[in-house]
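# Notes for the structure review
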Amino acid sequence: MTSTSSETRPFRVADLGTLVVLAWSGEAPDGDMPYLLAYTLGDAADGPEAAGAAVERLLTDNQLPVGGNVVDGSTRPSLPITMLVEGGQAVLNMPQLNAQCVPPPEWIAAVGERGFAYLVFTTRPWPEAEPGKAVTPEALAEFAGSEETLNAAAHIILPARSLRG
């Protein structure tokens, strides 16, 4: 006779596959809005579905609801995800995970103005958007603006921190 274990498998960062963070800014009624998009390429050993499931587990384990309301990090000092903006880079820090990107100058300026970025951390893999490969504005708009991507994401207003006091 076999039995199934009720024990859950420990989270492994490798289950995410390649995690990518992409920064851009877009026009809003009150000026430029700095956005971050975090996604997996879906290249984990167990495939894209498993990579998406690993992202979902990472988010839910950190109380970041997928497909739910926007989480305002400025009102949640204990939020388990932070963003450091320093030396022309943006670094996301979470338990078990650090990811960084080099945002364009207009993004850095928008974060400087607003003091935060809007993070869309999606469980939907985007294998076509590999690091080092140019992403056209049309491809970004199509992926980041699709209902499938947005409904499969945690949405977070993420305050910018720096090393300077």
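Refer to the structure presented above.
Conventions used here
- Residues numbered from 1 in each chain as written.
- Predicted model: local features only at pLDDT ≥ 70, side-chain atom pairs only at ≥ 80, totals over all residues.
- Heavy atoms only, no water.
- Salt bridge = Lys/Arg side-chain N within 4 Å of Asp/Glu carboxyl O.
- Buried < 20%, exposed > 50% of the residue type's maximum accessible area, 1.4 Å probe, protein only.
- Helix = DSSP H or I, 4+ residues; strand = E, 2+ residues; numbered from the N terminus.
- Phe/Tyr/Trp six-rings, centres within 6.5 Å; stacked < 30°, edge-to-face > 60°.

## Focus on the pattern of salt bridges
One side chain can pair with another of opposite charge once the charged atoms of both are near each other. Under the criterion given, the structure shown has four salt bridges. In this structure, R12 and D15 form a salt bridge, with 2.7 Å as the shortest nitrogen-oxygen distance. The partly exposed category is assigned to R12, whose relative accessible area is 43%. Judged by its relative accessible area of 16%, D15 is buried. Between E148 and R124 there is a salt bridge, with its nearest N and O atoms 3.6 Å apart. Taken together, the residues E148 in helix 4 (residues 147–151) and R124 in the loop between strand 7 (116–122) and helix 3 (137–144) connect sequence positions 24 residues apart. Residue R124 is classed as partly exposed on the basis of its relative accessible area of 23%.

## Quick look at the packing of aromatic side chains
Inspection of every chain in the model, using the stated rule, returns five aromatic pairs. A centroid spacing of 5.2 Å and a plane angle of 20° characterise the contact between W24 and Y35, whose relative ring orientation is stacked. Taken together, the residues span a long stretch of sequence, with W24 in strand 1 (residues 19–28) and Y35 in strand 2 (residues 31–40) at a distance of eleven residues. Overall, Y35 belongs to the partly exposed group, its relative accessible area being 24%. With centroids separated by 5.2 Å and ring planes inclined at 55°, the aromatic side chains of Y39 and W126 adopt a geometry described as tilted. Of this pair, Y39 sits in strand 2 while W126 sits in the loop between strand 7 and helix 3, and the two are 87 residues apart along the sequence. The same class applies to Y39 and to W126, which are both buried. Each residue in the set W24, Y35 and Y118 is aromatic and connected to the rest through ring pairs, giving one cluster.

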